[in-house]
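Here is how the chains run, residue by residue.
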Amino acid sequence: MDHEIRAKRHDDPEAFLSLVAHHRDVIVPLANGEPDSLMRAIDASGDRLHNVRIHQMHALRDRAAIRGELPGVRHVAYFLSPITRRAFAAGTCDFTPAHFSDMPSVLRHI
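Residues numbered from 1 in each chain as written. Predicted model: local features only at pLDDT ≥ 70, side-chain atom pairs only at ≥ 80, totals over all residues. Heavy atoms only, no water.

**Q** Please set out the packing of helix α2 (residues 13–20) against helix α3 (residues 36–44) residue by residue, giving values where relevant.
**A** Running from N to C, α2 and α3 cross one another at 60 degrees; their axes reach a closest spacing of 10 Å. By the criterion of interaxial angle, the relationship of α2 to α3 is oblique. At the point where α2 passes α3, the crossing takes the right-handed sense. Across the interface between the two elements, P13, F16 and L17 of α2 pack against L38, A41 and I42 of α3. (Axes fitted to C-alpha atoms, helices over the stretch in contact; angles between N-to-C directions. Helix = DSSP H or I, 4+ residues; strand = E, 2+ residues; numbered from the N terminus. Parallel < 35°, antiparallel > 145°, perpendicular 65-115°, else oblique. Left-handed = near helix turned anticlockwise from the far one by under 90°. Contact = heavy atoms within 4.5 Å.)

What follows is the structure, given as C-alpha cells:
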C-alpha cells in the first residue's frame, strides 16, 4: 500500500488522507513549514479520521484539530505558541515540552 501512495502525486490530499485515516501519528513541520493544504484537508475530513495524532513543534495557524473539534484527531504540541497555549489551557490539545535539539529523538520514539 505504501508503494501505491508514493506513486501518487505528493500534493494529493486524498492520497494523504487514505494513508492516515486510522491510527496514525502525523509529524508536520513547524511554523511556516507547515503543509497548509494537507492540514486544511485534515480539518475538512476530520469525520473520516480515527485515532490520528498530529505532532507539531510550533503551530502558527489555528486548526480544528487544535481546537478539539475533530473527535478522531488530537494535536500534540511540543512548544506552546499563542494558538496552542489557549488550546492546551482549554484541554483541546496535548503538550509534550521538548527542546528543539531533542526533537529528532523524541519523534523517533512516538
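That covers the picture; the talk isn't over yet.
**Q** Explain the sheet that holds strand β2 (residues 50–56) to me, and be specific about the residues and the numbers.
**A** Pairing in this open sheet of four strands is parallel, and the strands run β1-β2-β3-β4 from one edge to the other. Edge positions in the sheet fall to β1 (22–27) and β4 (94–95), since each has one partner strand and no second. Sheet topology note: the strand β3 (residues 73–77)/β4 ladder contains two bridges and is parallel. Considered in β4, the bridge of A77 is made with F95. (Pairing = 2+ DSSP bridges.)

**Q** Could you give me a rundown of the pairing of β2, with the residues and numbers involved?
**A** Here β1 runs beside β2; their pairing, made up of five bridges, is parallel. Counted as the bridge partner of R24 is V52 from β2. Of the crossover connections in this fold, the one passing from β1 over α3 to the parallel β2 is right-handed. Pairing analysis gives five bridges linking β2 to β3, with the strands arranged parallel. Opposite H55, over in β3, you have V76 as the bridge partner. (Right-handed = clockwise from strand over helix to strand, strands pointing away.)

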